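Summary of structural features
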Amino acid sequence: MDNPVVIVGSGLAGYAAARELRKLNAEIPITMLSADHGGFYSKPMLSNALSLGKTPASILNSDAAQMASQLKISIRPYCRVTAIDQSENAVTLIDGEKIFYDQLVLAVGADQIRLPLQGDGVAKILTVNDLDDYQNFREALIGKKRISIIGAGLIGCEFANDLVTSGYQVDVIDISAQPLGRLLPPASGAFMQQKLEAVGVVFHLDTTIQAVDQVEDRLRLTLANGESIDSDLVLSSVGLRSRTQLAEAAGIQINRGIVVNRLLQTRFANIYALGDCAEVESKVLPFVMPITHAARALAATLAGNPTSVHYPAMPIMVKTPACPTVVSPPDFNVQGEWHVEVDTDGVKALYRDEVGNLLGYALLGAATKEKNNLTTQLPAVLV
Ligand SMILES: Cc1cc2nc3c(=O)[nH]c(=O)nc-3n(C[C@H](O)[C@H](O)[C@H](O)COP(=O)(O)OP(=O)(O)OC[C@H]3O[C@@H](n4cnc5c(N)ncnc54)[C@H](O)[C@@H]3O)c2cc1C
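Residues numbered from 1 in each chain as written. Predicted model: local features only at pLDDT ≥ 70, side-chain atom pairs only at ≥ 80, totals over all residues. Heavy atoms only, no water.

Moving on to the site of the ligand. Among the 32 residues in the neighbourhood of the ligand, the closest are listed as Asp36, Val81, Asp276, Val288 and Lys319. Lys43 has a polar side-chain atom sitting 3.2 Å from an oxygen atom of the ligand. A distance of 3.3 Å separates an oxygen atom of the ligand from a polar atom in the backbone of Phe287. Protein chains bury 93% of the 1,000 Å² of accessible surface belonging to the ligand in isolation. Of all the secondary structure elements, the ones that give two or more residues to the shell around the ligand are helix H1 (12-24), helix H5 (154-165) and helix H8 (288-302). Its residues placed into classes, the shell around the ligand shows 18 nonpolar, 8 polar and 6 charged. Per-domain counts for the shell around the ligand show at least three residues from each of domain 1 (5-111 + 241-302) and domain 2 (114-236). (Near = heavy atom within 4 Å. Polar contact = N/O pair within 3.5 Å; in protein donor to acceptor, adjacent residues only side chain to side chain. Areas by Shrake-Rupley, 256 points an atom, 1.4 Å probe, with all protein chains shown as cover. Helix = DSSP H or I, 4+ residues; strand = E, 2+ residues; numbered from the N terminus. Nonpolar A, V, L, I, M, F, W, Y, C, P; charged D, E, K, R; others polar. Domains from an automatic or database assignment.)

A separate point is helix H6 (residues 186-198). The end-to-end C-alpha separation of H6 is 18 Å, in line with the 18 Å expected for 13 residues at 1.5 Å each. Among the residues of H6, those classed as buried are Ser188, Gly189, Phe191, Met192, Gln193 and Leu196. Just past H6, the residue Gly200 takes up positive phi, approximately 120°. (Expected span 1.5 Å × (residues − 1). Buried < 20%, exposed > 50% of the residue type's maximum accessible area, 1.4 Å probe, protein only.)

Another aspect to go through is the domain arrangement of the protein chain. Taken domain by domain, the protein chain consists of domain 1 (5-111 + 241-302), domain 2 (114-236) and domain 3 (324-375). Here domain 1 and domain 3 have C-alpha centroids that lie 33 Å from each other.

Below, the structure is given as structure tokens:
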């Protein structure tokens, strides 16, 4: 092969693909192009770093130069890809330079969704989706006391726990009637709410934000339920949207993510996608474990041994120390119901079909000790 495997993106997906491919083939040239600094870090750490005393600098495991020498690849930081020309097997960089590839891997991640809110304070709402965002967030926190979080999902609850443990006053606002509304049945959501309230988090649920306005040096959130909250800083974490624009402009099929088959291949045989940007069999799974499995399969394929991705059951640990939680949500197209056992120190919620097969679970508090045993009973996410 004349040209390298080009990986676009230096997040966990890009690095997992590079690392796995290097394990299988020491010679194949690999070029990583990244819109950011290109260093390696664990993104999940960002939502519990504050209380663990981790700084942005200590979260960065290795910078781009160190990673390049460790993996024997070429890394080009601050090098945004603006177009893919599949007929020429080339990508174009922001400065017009063309990089040719034999195989192209899109690992471009996802953007935080921004709600279309009213008010002159909206531009000041922060999101944290990468290390640079986290650096800004940490700087913005200096001298601040009261923080509002829009969204009581996984990341919102993790930040709420982290901030409150670190001495901030925290308000969390969500349209749902409970935290983790998409992952937990109501009794489990109520338990999580209680535990987070016990450490000081204040929830404003079942309501929406109408406006965010600048009032002197604070931001005033006006809620649809008539409440208003004056905050020093507002963090939004209402979900992610796969970055599909580059692929779409190149004629690659997109849906909620970049559509790939079980070989992680787009409709162009030498263009692949994995990670938060990819959709495999209608599933966009923005978590670390799917990346690990996808990267192994993709590396084998790139090294000449076409290998389909399989996902086992992949439980998600929610990093809320006030309420240890692990969830394995049922697939969206299966039928069943929750069976919930609540006691004072935990909630065990099992999602079963009509003949009793376990299809998913949500374990909170003391019930988390059943994780390993129950995980063995779960069906694979992709057989
Ligand atoms: C705060 C937080 C906590 C989390 N906690 C957990 C957890 O506990 N457990 C878990 O399983 N998951 C967790 N996740 C999700 C997990 O971190 C992600 O699924 C994973 O990091 C995504 O990796 P990625 O490489 O697909 O995308 P990203 O990390 O977003 O990387 C995308 C890369 O592509 C680059 N890029 C984008 N566009 C271009 C372009 N045009 N040209 C060049 N480069 C480009 C970007 O610069 C970046 O380097 C968390 C996420 C967040 C935000």
